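Summary of structural features
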Amino acid sequence: MSLKTLFTEHPDSVGETYFEHMGVALSFAWPLLGAGLAALVHAFLPFLCVTTASRVVKQLYARMTNRTPRPAQHGAGDRMLAWDPVI
């Protein structure tokens, strides 16, 4: 398996370029990081961030399960973004 294939096989399988897929992954990573921090705060101060982590996880789950991956395409120049960065 070539080095290029390692970086492009999965993004291509969901119809995204490497950078489109990076954007999608980061659009999930940042809220998850925030939810994790909220859960950490909640662990020590249970009166704070009572529903924050679960709310974020539910929103991200809804986003992920409602995504419609595009078929793999080559020549991505005319494709639009396959993700919505707004949660």
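Below is a summary of the structure that appears in this document. Since the model is a prediction, treat every value here as computed from it, not as a measurement.

Under the definition given, this model contains two aromatic pairs. With 5.9 Å between their ring centres and 70 degrees between their planes, Phe-7 and Tyr-18 make a pair best called edge-to-face. Linking Phe-7 in helix H1 (residues 3-13) with Tyr-18 in helix H2 (residues 18-44), this pair joins segments that are eleven residues apart in sequence. Take Phe-7: its relative accessible area is 45%, and that puts it in the partly exposed class. Measuring from centroid to centroid gives 5.1 Å for Tyr-18 and Phe-19, while their planes differ by 85 degrees, and the two rings are edge-to-face. Given the relative accessible area of 61%, Phe-19 is considered exposed. Every member of this aromatic cluster is reached through a ring pair, and the members are Phe-7, Tyr-18 and Phe-19.

Calculation rules
- Residues numbered from 1 in each chain as written.
- Predicted model: local features only at pLDDT ≥ 70, side-chain atom pairs only at ≥ 80, totals over all residues.
- Heavy atoms only, no water.
- Phe/Tyr/Trp six-rings, centres within 6.5 Å; stacked < 30°, edge-to-face > 60°.
- Helix = DSSP H or I, 4+ residues; strand = E, 2+ residues; numbered from the N terminus.
- Buried < 20%, exposed > 50% of the residue type's maximum accessible area, 1.4 Å probe, protein only.

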